[in-house]
Amino acid sequence: MKYNFLKISIFILLSLIFLDSNLSFAQKTIVKGVVTDASSNEALPFVNIAFNNINEGTITEMDGTFTVETSKAVDSISISYIGYTTQVVKVKRGTIQNLNINLVPSDLTLSEIVIYAGENPANQIIRNIIDNKKQNNPDKINYFGCEVYNKLQIDLNNITDKFKNRKVFKNFQFVFELQDSSEIMGKTYLPIFLSENYSKYYFQKKPEKKKEIIIANKISGVENKSFTEFTGQMYIDMNIYDNYINVFGKQFVSPIGNTGLKVYKYFLEDSTFIEGKWCYNITFKPRRKQERTFHGNFWVNDSTWAIKKITAQISEDANINYVKDLILEQEFSLFGDTIWFKTEDKLFADINLADKAQGFFGRKQTSYKNLNLNPPSDENFFSSTQVEEAIIVDSVEANNHEYWNSVRPSTLSSEEESIYQMVDSVKNVPIFKTFTDVIYMLAYGYYLYKDFEFGPYFKTYSFNPIEGNRFRFGGRTSNEFSTRLMLYGHIAYGTKDEEFKYGLGALYIFKKLPRFSVDMYYENDLSLLGQSVNAFSEDNFLASILSIRPNDNLLYLEQYKLDIEKEWFQGLSNNFKLFYANILPSYKIQFQNIETNESYDKLVATEISLKTRFAYNEKVLRGEFTRVSLGSIYPIVDLELTKGLKNILNSSNFDYLRTRLTINHLFDIKPIGYLKYELSVGKIWGKVPFPFLVLHEGNETYAMDNRAFNLMLYYEFASDFYYSVYLEHHFQGFFLNKIPLLRKLKWREIVYAKFLNGSISDENKNVWVFPQSLTELPEPYVEAGVGIENIFKIIRIDAMWRLTNRNKAEIKQFGIRAKLQLIF
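Our subject in this report is the structure included herewith. What you are looking at is a predicted structure, and each value in this text was computed from that prediction instead of being measured.

## Regarding the overall build of the chain
Thought 1: When you go through the chain residue by residue, the secondary structure sums to 11 helices and 45 strands.
Thought 2: Taken across its 824 residues, the chain has 54% of its residues classed as buried.
Thought 3: Taking contacts inside the chain between residues at least 6 apart in sequence as the whole, the part at least 24 apart equals 63%.
Thought 4: Of the roughly 37,900 Å² of accessible surface on the chain, a fraction of 55% belongs to carbon and sulfur atoms.

Here it is as structure tokens:
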């Protein structure tokens, strides 16, 4: 269903549709240039550039270039670098100027540090930092509590006159009054989203627990409490002391990681007192190209070897998609004698889907205060079932200016204050709703009109050998109809079989957190038994055009389903299901009993099942009806027990018990990517016809299906007892990044293997006539493959081999499969 925060996302998505590369700037003093060594003409990185008399500046990039700007009254800038004579250059206020600065080397004297012959002094400092990381890492603290203020801002960038004057923005011109130019990237930008969050955050090391009580939250245009959690502290945190820093799911080597000396080059640049502590300034840059690394500088205390402050910027050629730049700034202060605690955290990201497209800036600022090291007296303070717990109190009115001014570390700028009003104004423009509806249809497949959503559009037309041309009309009620009850259904017609098919359902949410719901559904339509849950449904147009051969394995299925879901707490839920179905044979697939020599015109099944899902510490983004799992660092377990009831509701005389256990997990193996696996085992007790066996998931399309055996045919293998293993490793470019020509493509390597073994008991093997293609597994089934993902950033292509069960004439021993995916 439609998430409330989609109303904000529309601004970002719109920016990706209209391409333009020209920039326009607001009236600021902007100085660009390059700094070189006057003697050698070599570019100088990390040179300090600062406007005089104000606290605004920057440092040069690896190639010596810089951009610095301000709206304040200035008349000169200072260029300083350790070992060089400082220069002061006059600038003209309110203009854009380009400067070429040649710094003259000077004699350099640093405070005393013991350096061995031939040793880079910065390297010895890095060793000291690594040796003392354990005692300086804030995560060493057994318990702490603190107050946290988070501010998150999103801006459209590359806003040009040509972009603003497009007809689609005719009714939105008032928003461009907030247009400004970036203090960091030299791009024009338009603020479109702002959130503020004030909370109390608590951490316990053993056992690890995190708790955040969100006291006040203010978001421009979003009314979704689930989204509020993700603007808090627990979901937006980076620890510089970790060996690897997670950037949009990609692991970057920390500049003070244990492998830092192998990955980075370090330079000792300066030393001075900071808050009464003598500190060294170290700059760092990557040793090799296209590795996931940073460049920047940090200040480190000379006695504790703790980081005082750090600025880290991702390498320009790092193998990560859409992120043009990312800058991390952190500052630490000493509490007591031994605890260095983070007091300030800033994050800036520049994200564009295409090089010449409008993209957006993301800015996050976090401040910490009132550190408390005393554990709570209440033994039940932390959740007994969750590692991370977020409680939204939100007891402060968003327009309580006096309160917000008391918790903000600094007052909002007039620009930031205007964002709240601007977003509310945009929501009242009629064309905004049209944009929202179109983007929603493209993303989710449904077109919203008042109380109803029509779709999915990709199921409107399809074709198959049984129905011929299939036309389908469907939809569901929208959130405007109800946020508790959703009605949904469809009607379809085939031109070849000249039959109508239809379905109708109702979902009612009694409680949203933890979830308690009832879903009832009736359907009379064609179905492919044994299809992967990840596959395109058979009435999807893509399934029709990507089929390797016509799919004539469809059966008519009339079914009734009742599904009651009870979530006990986030991560643990039960589903109780009642299922009743009539399955009809086809010209290809007949139901014939060998013992009685009787042919059945239908099979009738009545089942009850109980499913338990446990995903410890799972993060979930919730809409009104739908939920999106953001995964867990722990294995996710699914256990399903199903009982077939004979002679109930006219069901056939089948009495059976079916069980299935699945465990899946994804985890990082730093620095060589990540591994995901799935283990599954299942068994059926009792005598059943072949449609009730486990029909193993084949794939007869050119689309890659991670949950299926991609070189196995439909209706090829069945079991009443089986076990399977699926392994897939993503190297994230670990090898290809080291090959000079290939690394420019930013391709990423994948290897995978699938193993399946199973059998059919004699009582199920010798009672019913199987379709000609269907057998039990004569030997374990194994397929393996290698793949390349990130082709043009969105394509994955796999080459795969069927290693066993290769003696059938109709099977393919080798195949190529592809899929589209959007990954960082």
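## Quick notes on unusual backbone geometry
Thought 1: Following K206, the chain continues to P207 via a peptide bond in cis, the omega torsion being -15°.
Thought 2: With respect to the helices and strands, P207 occurs in the loop between β10 (188–204) and β11 (209–219).
Thought 3: With an omega of 5°, the peptide bond running from K670 to P671 counts as cis.
Thought 4: Positionally, P671 belongs in the loop between β37 (656–668) and β38 (674–685).
Thought 5: Of note, E275 is a non-glycine position whose phi angle comes to about 50°, a positive value.
Thought 6: Summarising the element assignment, E275 is placed in the loop between β14 (264–274) and β15 (277–286).
Thought 7: A relative accessible area of 57% means that E275 is categorised as exposed.
Thought 8: The phi dihedral of F792 falls on the positive side, at around 55°, and the residue is not glycine.
Thought 9: Residue placement: F792 occurs in the loop between β43 (781–791) and β44 (795–802).
Thought 10: Accessibility expressed as a relative area gives 69% for F792, which makes it exposed.

## Details of the nonpolar core
Thought 1: One finds I129, F294, F298 and I307 to be the most contacted residues of the largest nonpolar core, which totals 48 residues.
Thought 2: At 5 residues, helix α2 (residues 121–131) tops the list of elements feeding residues into this core.
Thought 3: With residues up to four places along the chain from it excluded, the contact list for I307 reads I129, Y241, I256, F298, W299, V300, F332 and W340.
Thought 4: In terms of nonpolar packing, the next biggest core, distinct from the first, is built from 42 residues, L529, L557, F690 and L774 among them.

## Section: the pairing of strand β24 (residues 461–464)
Thought 1: With burial as the criterion, only one face of β24 is covered, namely that bearing S462 and N464; the residues Y461 and F463 on the opposite face remain uncovered.
Thought 2: Bridge count for β24 against strand β25 (residues 468–477) is 4 bridges, and the pairing is antiparallel. Residue pairing for β25: N464 is matched across the bridge by G468.
Thought 3: Hairpin connection from β24 to β25: 3 residues lie between these consecutive antiparallel strands.

## Things to note about the packing of aromatic side chains
Thought 1: Throughout the structure, instances matching the rule amount to 48 aromatic pairs.
Thought 2: Pairing Y403 with W404 gives two aromatic rings, centres 6.2 Å apart and planes at 80°, and the pair type is edge-to-face.
Thought 3: For W404, a relative accessible area of 0% translates into the label buried.
Thought 4: Among the aromatic residues, ring-to-ring pairing joins F144, Y201, F203, F335, F341 and Y368 into one connected group.

## What about the environment of R748?
Thought 1: Looking at the element boundaries, R748 is found in strand β42 (residues 748–759).
Thought 2: By relative accessible area, which is 0% here, R748 ends up buried.
Thought 3: There is a polar contact of 3.1 Å between the side chain of R748 and the side chain of N319.

## Notes on α2
Thought 1: Judged by how many residues are buried, α2 sits mostly within the fold: 8 of 11 residues are covered.
Thought 2: Burial in α2 covers these residues: A122, N123, Q124, I125, I126, N128, I129 and I130.
Thought 3: Looking at the buried positions of α2, the neighbouring elements they touch are α3 (133–136), α6 (260–263), β14, β15, β16 (294–301) and β17 (307–314).

## Examining the sheet that holds strand β2 (residues 48–51)
Thought 1: Taking strand neighbours across the sheet as the criterion, the 4 strands line up as β3-β2-β5-β6 in an open arrangement whose pairing is antiparallel. Sheet topology places β3 (57–59) and β6 (87–90) at the edges, where each strand pairs with a single neighbour. When strand polarity is set aside, the average angle formed by the axes of neighbouring strands in this sheet is 20°.

## Description of the side chain of N301
Thought 1: Structurally, N301 can be placed in strand β16.
Thought 2: On the basis of relative accessibility, which here comes to 1%, the residue N301 falls in the buried class.
Thought 3: Sequence-distant contacts of N301, defined by excluding residues within four places in its chain, comprise K277, W278, C279, A306 and W340.

## Structural notes on the pattern of salt bridges
Thought 1: Throughout the structure, instances matching the rule amount to 34 salt bridges.
Thought 2: Measuring nitrogen to oxygen at the nearest pair gives 3.1 Å for the salt bridge that ties K619 to E388. Placement of the pair is K619 in the loop between β33 (603–615) and β34 (620–622) and E388 in strand β21 (residues 388–392), with a sequence separation of 231 residues.
Thought 3: Take K619: its relative accessible area is 23%, and that puts it in the partly exposed class.
Thought 4: Ionic pairing is found between K501 and E467, a salt bridge with its closest N-O pair at 2.8 Å. With K501 in strand β27 (residues 500–512) and E467 in the loop between β24 and β25, the pair connects residues that are 34 residues apart, well separated along the chain. For the pair K501 and E467, one class covers both residues: buried.
Thought 5: One network of salt bridges, in which partners are shared, links K459, E467, R470, R472, D497, K501, D525 and D539.

## A few points about the sheet that holds strand β7 (residues 96–103)
Thought 1: Reading across from one edge, β4-β1-β7 is the order of the 3 strands in this open sheet, with mixed pairing throughout. Pairing within the sheet leaves two strands with one partner each, and these edge strands are β4 (65–70) and β7. Geometrically, the sheet is characterised by an average inter-axis angle of 25° between neighbouring strands, direction not taken into account.
Thought 2: Where strand β1 (residues 29–37) meets β7, 8 bridges bridge the pair, whose relative direction is parallel. Each residue of the ladder has a partner; that of K32, found in β7, is N98.

## A closer look at the side chain of E212
Thought 1: By the element assignment, E212 lies in strand β11.
Thought 2: Within the buried core, E212 has no salt-bridge partner, and the shortest N-O distance to an opposite charge, that of K364, equals 9.9 Å.
Thought 3: In terms of polar contacts, E212 uses its side chain to reach the side chain of S199, at 2.6 Å.

The rules behind the values
- Residues numbered from 1 in each chain as written.
- Predicted model: local features only at pLDDT ≥ 70, side-chain atom pairs only at ≥ 80, totals over all residues.
- Heavy atoms only, no water.
- Helix = DSSP H or I, 4+ residues; strand = E, 2+ residues; numbered from the N terminus.
- Buried < 20%, exposed > 50% of the residue type's maximum accessible area, 1.4 Å probe, protein only.
- Contact = heavy atoms within 4.5 Å.
- Areas by Shrake-Rupley, 256 points an atom, 1.4 Å probe, with all protein chains shown as cover.
- Core = buried A, V, L, I, M, F, W, Y, C linked by side-chain atoms within 4.5 Å.
- Pairing = 2+ DSSP bridges.
- Phe/Tyr/Trp six-rings, centres within 6.5 Å; stacked < 30°, edge-to-face > 60°.
- Polar contact = N/O pair within 3.5 Å; in protein donor to acceptor, adjacent residues only side chain to side chain.
- Axes fitted to C-alpha atoms, helices over the stretch in contact; angles between N-to-C directions.
- Salt bridge = Lys/Arg side-chain N within 4 Å of Asp/Glu carboxyl O.
- Lys, Arg positive; Asp, Glu negative; His and termini not counted.

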